[in-house]
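Working through the structure, step by step
Below are the chains, spelled out letter by letter.
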Amino acid sequence: MHSILYYSLIINKFIMNQYETVFILTPVLSDEQMKEAVKKYQDFLTDNGAEIVHEEHWGMRKLAYAIQKKSTGFYHLIEFKAEGGLIAELEVQYKRDERMLRFLTVKLDKHAVAYNEKKRRKAKDASKEKAEA
Amino acid sequence: MAQGNSEIKYLTPIAVDTKKKKYCRFKKNRIKYIDYKDADFLLKFVNEQGKLLPRRITGTSTKYQKKVAQAVKRARHISLMPYVADLLK
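Residues numbered from 1 in each chain as written. Chains lettered and ligands numbered in written order. Predicted model: local features only at pLDDT ≥ 70, side-chain atom pairs only at ≥ 80, totals over all residues. Heavy atoms only, no water.

Moving on, we get to the interface of chain B and chain A. Counting residues at the interface gives 14 residues for chain B, matched by 23 residues for chain A. Roughly 1,600 Å² of surface becomes buried between chain B and chain A when both sides are summed, with 62% attributable to carbon and sulfur atoms. The interface formed by chain B and chain A includes two salt bridges. Measuring nitrogen to oxygen at the nearest pair gives 3.1 Å for the salt bridge that ties Lys37(B) to Glu20(A). For the pair chain B and chain A, the interface holds twelve residue pairs in polar contact (both at pLDDT 80 or more). Looking at the side of chain B that touches chain A, its residues break down into seven nonpolar, two polar and five charged. (Contact = heavy atoms within 4.5 Å. Buried area = accessible area lost by both parts, 1.4 Å probe. Salt bridge = Lys/Arg side-chain N within 4 Å of Asp/Glu carboxyl O. Polar contact = N/O pair within 3.5 Å; in protein donor to acceptor, adjacent residues only side chain to side chain. Nonpolar A, V, L, I, M, F, W, Y, C, P; charged D, E, K, R; others polar.)

Following this line, the structure appears as structure tokens:
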């Protein structure tokens, strides 16, 4: 009985949650610099035991309001599975980065995960149909 | 002369209760998650100044109004929606 309880405690400690992070990079970067910045965060996540589930690069987008006097920015989204402790470390990295205009990390509940999967499946089907047509 | 006709008579009963009942679109369509990245959709829940509309206007249930508010705030943070605006629509 005790051993079961102890075992479940260990499992709980390393529970992986699904998160989604969106960040905006300054538009002054060149294409290469931007890719390098994105790669830094991908590597940071994978090196620290996170598993990247999905990624989206929205490219240069107009901002709804100016941030640091910039009216555009590069948006990048990463969906990943990680332990909770990693998020704080990730956000420290974000804060130290001067290329970063804004970032947002949210935990995805089961409905959000289902929604994202459905959306991805739909996009996949659409692209498949396009290829066939 | 026509004093007996003071009582007004209608051919069809006046429509009093024709006001459409409001409903929560999330409950009705079984939407469980409100995406903060979908700014076009969230635009339905703000007025032209970019302020959140109250529940009594949109008909959203309490449970989902909270989620709408959360999503709008997230969208504002990553600059997909404005904090202040005029003539948004």
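We are not done yet, so read on.
This brings us to the layout of surface pockets. Roughly 290 Å³ of volume is contained in the largest pocket. Every residue lining the largest pocket is listed: His111(A), Ala114(A), Tyr115(A), Lys118(A), Lys119(A), Lys122(A), Arg30(B), Ile31(B), Lys32(B) and Tyr33(B). Here the residues of the lining of the largest pocket are counted per class, giving four nonpolar, one polar and five charged. Taken as a whole, the second largest pocket spans an internal volume of roughly 210 Å³. Val106(A), Lys107(A), Leu108(A), Asp109(A), Ala112(A), Lys32(B), Tyr33(B), Ile34(B), Lys67(B), Gln70(B), Ala71(B) and Arg74(B) are the residues that line the second largest pocket. Every element with two or more residues in the lining of the second largest pocket is listed here: β4 (100–107) of chain A together with α4 (62–77) of chain B. Counting residues per element, the lining of the second largest pocket draws most heavily on α4(B), at four residues. (1 Å grid on protein atoms, 1.4 Å probe; cavity = no way out; pocket = protein on both sides within 12 Å on 5 of 7 lines; lining within 4 Å. Points joined across faces, edges and corners; volume = space filled by probe spheres on them. Helix = DSSP H or I, 4+ residues; strand = E, 2+ residues; numbered from the N terminus.)

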